Amino acid sequence: MAVPMRKLSKRRTRMRASHHALTPRNLRACDRCGTPGPSHRVCGKCGFYRGREVVSKED
C-alpha cells in the first residue's frame, strides 16, 4: 500500500482544498409563472418547459 513520504504542510493541504468550494446555482425565472428555478428543467410549480406543458400539475 502506498504511504506518503512526508507530512503535508497546512499550506499545501489548504491550497489543494481551495478548489473544493461550492458555487451558487444559477437560477432563472420561469417564463410562465416567474418562479426561480434551474435552467433547462421543467418548472416545478407550473409544469411548463419552453412554452409548453410537459407535466400536468393539479392547481
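None of the values given here were measured: they were computed from a predicted structure.

Asks: Would you explain the layout of surface pockets in this entry?
Replies: In this approach, a probe sized like a water molecule rolls over the atoms, and the result shows the empty space that is left. Its boundaries defined by the atoms lining it, the largest pocket holds a volume of some 190 Å³. Looking at the lining of the largest pocket, the elements with two or more residues in it are strand E1 (27–29) and strand E3 (48–49).

Asks: Sorry, what's going on with the environment of Gly37 here?
Replies: Topologically, Gly37 is positioned in strand E2 (residues 36–38). On a C-alpha basis, the gap between Gly37 and Asn26 in space is 8.2 Å, while along the polypeptide they are eleven residues apart. Excluding residues that lie within four positions of it along the chain, Gly37 makes contacts with Asn26, Leu27 and Arg28.

Asks: Explanation requested: the environment of Glu53 in the structure shown.
Replies: In this structure, Glu53 sits in strand E4 (residues 52–53). In the structure, Glu53 is positioned 44 residues away from Ser9 in sequence and 55 Å away in space, judged by C-alpha atoms. Setting aside residues up to four positions removed in sequence, Glu53 forms contacts with Gly47 and Phe48.

The rules behind each value
- Residues numbered from 1 in each chain as written.
- Predicted model: local features only at pLDDT ≥ 70, side-chain atom pairs only at ≥ 80, totals over all residues.
- Heavy atoms only, no water.
- 1 Å grid on protein atoms, 1.4 Å probe; cavity = no way out; pocket = protein on both sides within 12 Å on 5 of 7 lines; lining within 4 Å.
- Points joined across faces, edges and corners; volume = space filled by probe spheres on them.
- Helix = DSSP H or I, 4+ residues; strand = E, 2+ residues; numbered from the N terminus.
- Contact = heavy atoms within 4.5 Å.

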